[in-house]
Amino acid sequence: MASFVGLAKRAGWNVVDQGLSALGNMLLMIVVARTVDADAFGAFSVGFLIYGIAVAIGKAVVGQPLQILHSADSLSDFRVAVAKGQGVTIWLGAIFGLLCALFGVLLSGALAEALLAVAVCLPLLMAQDVLRMAFFAQGRADHATLIDCVKVVAQFALLFALIWAGVHNVGLLTLSWGVAAVISAMTGMYVLRCRPQLRGAWAWVGRQRQLTKYLLAEYTLGLGAAQFGSMLVPVLGTTRDAGAVRAGQTLLGPLNVLWTAALAFAVPEISRRPRMGPRRRIQAMSAVSGAMTLISLSYVTVLLLLPDAAGVQLFGDSWTGAQSVLVALGINAVASALGSGPGAMMLGMGLAKKTYRLNLVKAPILLGLLIPGTLMFGAPGAAWAMAISESVILPFWTYTAVQGARGRYNHEIEHLQTDEGMAADRAQNQQGSPTGVREGH
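In what follows, the accompanying structure is described. As the structure is a computational prediction, the values presented were derived from the model and not from experiment.

1. Things to note about the overall build of the protein chain
For the protein chain, the helix and strand inventory stands at 16 helices and zero strands. Going through the 441 residues of the protein chain one by one, you find that 49% of them count as buried. Taking contacts inside the protein chain between residues at least 6 apart in sequence as the whole, the part at least 24 apart equals 84%. Looking at the protein chain as shown, the accessible area adds up to about 19900 Å², and 68% of this sits on carbon and sulfur atoms.

So this is what it looks like as structure tokens:
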């Protein structure tokens, strides 16, 4: 019972943190949109998009490996891994920041201001997100919630201070958001008693490249298919079709928050139990899928029963289009929920090669259905293409995860972080590196 209560508390904090993060980002976009003109908001959106891409790459290279490979480490070893991971993240942030600064210098106007502001803060913006992932790996989602709360409070305090002072410059507004993330990252480093270690950081990534290369490739493939698919809808159909699909996806947005929370919770919980037997693994996988599916079915049912008056209040003229895709997108959401357990199980076991290959199969199925579906049926055709592709690949996710739980792929689960590598990291930190790990609780 105590173990169950502990799991429930950690799961609850994951949901609270993901909800807080999503709500903070949504309110940030609303406040900025109401403060600046359309061109300046577009510039801010470009900066936010670059941040989103950089953070996703940081998750693939650092955040997810921390969860998969280091969630069962001792506290001292975990801090070593986080310090190295933060060092890699800051290097990556500096590279992205330099590119942003270069384009900011070459361009002019609001876009240049936004890019230069992002360039300044990007290394610690990325570090803040990696610290969140580290707290998830440690089973301390409450600490992740703390640093996200610091970020949200700081960003809106700075934003409203600038707005009250009459500042509407998009560069300064963007900078205030970045500074809030810096404050949050510093708070996270203090709580974990760990600061970035730049020396030896790339060697740390190199020892995990068999995992990282598949995580990064999977992210690139998923992003490419999603973005290309989104661009095809208005090209093959109409802008009204694109708006209908986006409206439907917005209505289902809370389920994406829950899915992200479930993944952040389940992956480290599975990875820190490498000796879990096949039956327990399958039970854990079924529990994740069952809970997510029950929530998804309930939420989709509520949406389908939503009165037209409420829908029109939310989306105005776009409500009719959103209604036309809700059934298909609801089926897509339920299929994704059924696949959440298998996905978490495979990632928790380190089978990123398997998840990458499954997504490699799914991408052409999606695009192969999306093109004729949108051409013939518009938005409903595009939505059904998403639902069918997700449903078709679901049995393969389940079969592969069950086989993995039964030990079929144990030969593929390599020990990417070698004992020799960890020993080298410890020795380097014990020599008193100025950017190393600070011991203590």
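2. Describing the packing of helix α14 (residues 352-377) against helix α15 (residues 379-405)
Running from N to C, α14 and α15 cross one another at 155°; their axes reach a closest spacing of 8 Å. The angle between the axes of α14 and α15 places the two elements in the roughly antiparallel class. Between α14 and α15 lies a crossing whose hand is right-handed. The residue inventory of the contact of α14 with α15, partitioned by class, reads 17 nonpolar, seven polar and three charged.

3. Points about the packing of aromatic side chains
In total, this model carries seven aromatic pairs according to the counting rule given. Three or more aromatic residues link up through ring pairs in this structure, and these residues are Phe44, Phe48, Tyr51 and Trp177. Across the ring face of Tyr190, the terminal group of Arg193 is positioned such that the distance to the ring centre comes to 4.3 Å.

4. Structural notes on the environment of Ile68
If you trace the backbone, Ile68 turns up in helix α2 (residues 38-69). In this structure Ile68 comes out as buried when scored by relative accessible area, which is 8%. Sequence separation of Ile68 and Leu347 is 279 residues, and the distance between their C-alpha atoms is 6.9 Å. When near neighbours in sequence (up to four residues on either side) are disregarded, Ile68 contacts Leu211, Leu215, Val267, Ser271, Leu347, Gly348 and Gly350.

5. Digging into the pattern of salt bridges
Summed over the entire model, instances satisfying the criterion amount to seven salt bridges. For Asp17, the salt bridge identified is with Arg132, shortest N-O distance 2.7 Å. Of this pair, Asp17 sits in helix α1 (residues 2-35) while Arg132 sits in helix α4 (residues 109-137), and the two are 115 residues apart along the sequence. A salt bridge links Glu390 to Lys362, with the nearest nitrogen and oxygen atoms 2.5 Å apart. Of this pair, Glu390 sits in helix α15 while Lys362 sits in helix α14, and the two are 28 residues apart along the sequence. Here Glu390 and Lys362 have matching classes, each one buried. Where salt bridges share partners, they join Asp17, Asp129, Arg132 and Asp148 into one cluster.

6. Some details on unusual backbone geometry
Its identity as a non-glycine residue notwithstanding, Arg193 has a phi of 55°, on the positive side. As for its position among the elements, Arg193 is in the loop between α6 (170-192) and α7 (201-206). Among the residues examined, Arg193 registers a relative accessible area of 21% and is labelled partly exposed.

7. Points about the environment of Leu158
Structurally, Leu158 is set in helix α5 (residues 141-164). Classification of Leu158 as partly exposed rests on a relative accessible area of 30%. Sequence separation between Leu158 and Trp177 is 19 residues; the distance between their C-alpha atoms is 7.7 Å. Not counting residues up to four positions away in its chain, the partners in contact with Leu158 are Ser176, Val179 and Ala180.

8. A few points about the side chain of Arg281
Locating Arg281 in the fold gives a position in helix α11 (residues 278-304). Here Arg281 occupies a buried position and makes no salt bridge, while the nearest side chain of opposite charge, Glu269, is found at 11 Å. Apart from residues no more than four positions distant in its own chain, Arg281 is found in contact with Ile270, Arg273, Pro274, Arg275, Met276, Met345, Met349 and Ala405.

9. A few points about the nonpolar core
Ranked by size, the top nonpolar core spans 54 residues in total, and within it Leu28, Leu66, Val82, Val88 and Trp177 carry the most contacts. Elements with a minimum of two residues in this core: α1, α2, α3 (75-106), α4, α5, α6 and α7. Take this core: its biggest share by element is 14 residues, from α4. Excluding anything up to four places from it in sequence, Leu66 contacts Ser71, Ala81, Val82, Val130, Ala134, Ala137 and Trp204. By size, the runner-up hydrophobic cluster in this structure holds 26 residues, among which are Val267, Leu347, Tyr356 and Trp397.

10. Focus: the packing of α5 against α6
In the contact formed by α5 and α6, the axes pass within 8 Å of each other and the chain directions differ by 150°. Compared by their axis directions, α5 and α6 come out roughly antiparallel. At the point where α5 passes α6, the crossing takes the right-handed sense. Together, His143, Leu146, Ile147, Asp148, Val150, Lys151, Ala154, Gln155, Leu158, Leu159 and Leu162 of α5 and Leu172, Leu173, Ser176, Trp177, Val179, Ala180, Ala181, Ile183, Ser184, Thr187, Gly188 and Val191 of α6 make up the contact between the two elements.

11. Points about a nonpolar patch on the surface
Judged by side-chain polarity, Trp91, Ile95, Leu99, Leu102, Phe103, Leu106, Leu107, Leu198 and Trp202 come together as a nonpolar surface patch covering roughly 900 Å² of accessible area. A total of six residues in the nonpolar patch trace back to one element, the largest contributor, which is α3. When you line up the elements, Leu99 lands in helix α3. Assessed through its relative accessible area of 45%, Leu99 is described here as partly exposed.

Criteria and cut-off values
- Residues numbered from 1 in each chain as written.
- Predicted model: local features only at pLDDT ≥ 70, side-chain atom pairs only at ≥ 80, totals over all residues.
- Heavy atoms only, no water.
- Helix = DSSP H or I, 4+ residues; strand = E, 2+ residues; numbered from the N terminus.
- Buried < 20%, exposed > 50% of the residue type's maximum accessible area, 1.4 Å probe, protein only.
- Contact = heavy atoms within 4.5 Å.
- Areas by Shrake-Rupley, 256 points an atom, 1.4 Å probe, with all protein chains shown as cover.
- Axes fitted to C-alpha atoms, helices over the stretch in contact; angles between N-to-C directions.
- Parallel < 35°, antiparallel > 145°, perpendicular 65-115°, else oblique.
- Left-handed = near helix turned anticlockwise from the far one by under 90°.
- Nonpolar A, V, L, I, M, F, W, Y, C, P; charged D, E, K, R; others polar.
- Phe/Tyr/Trp six-rings, centres within 6.5 Å; stacked < 30°, edge-to-face > 60°.
- Lys NZ or Arg CZ within 6 Å of the ring centre and 35° of its normal.
- Salt bridge = Lys/Arg side-chain N within 4 Å of Asp/Glu carboxyl O.
- Lys, Arg positive; Asp, Glu negative; His and termini not counted.
- Core = buried A, V, L, I, M, F, W, Y, C linked by side-chain atoms within 4.5 Å.
- Patch = residues over 30% accessible without salt bridge, like charges linked within 9 Å, V, L, I, M, F, W, Y side chains within 5 Å.

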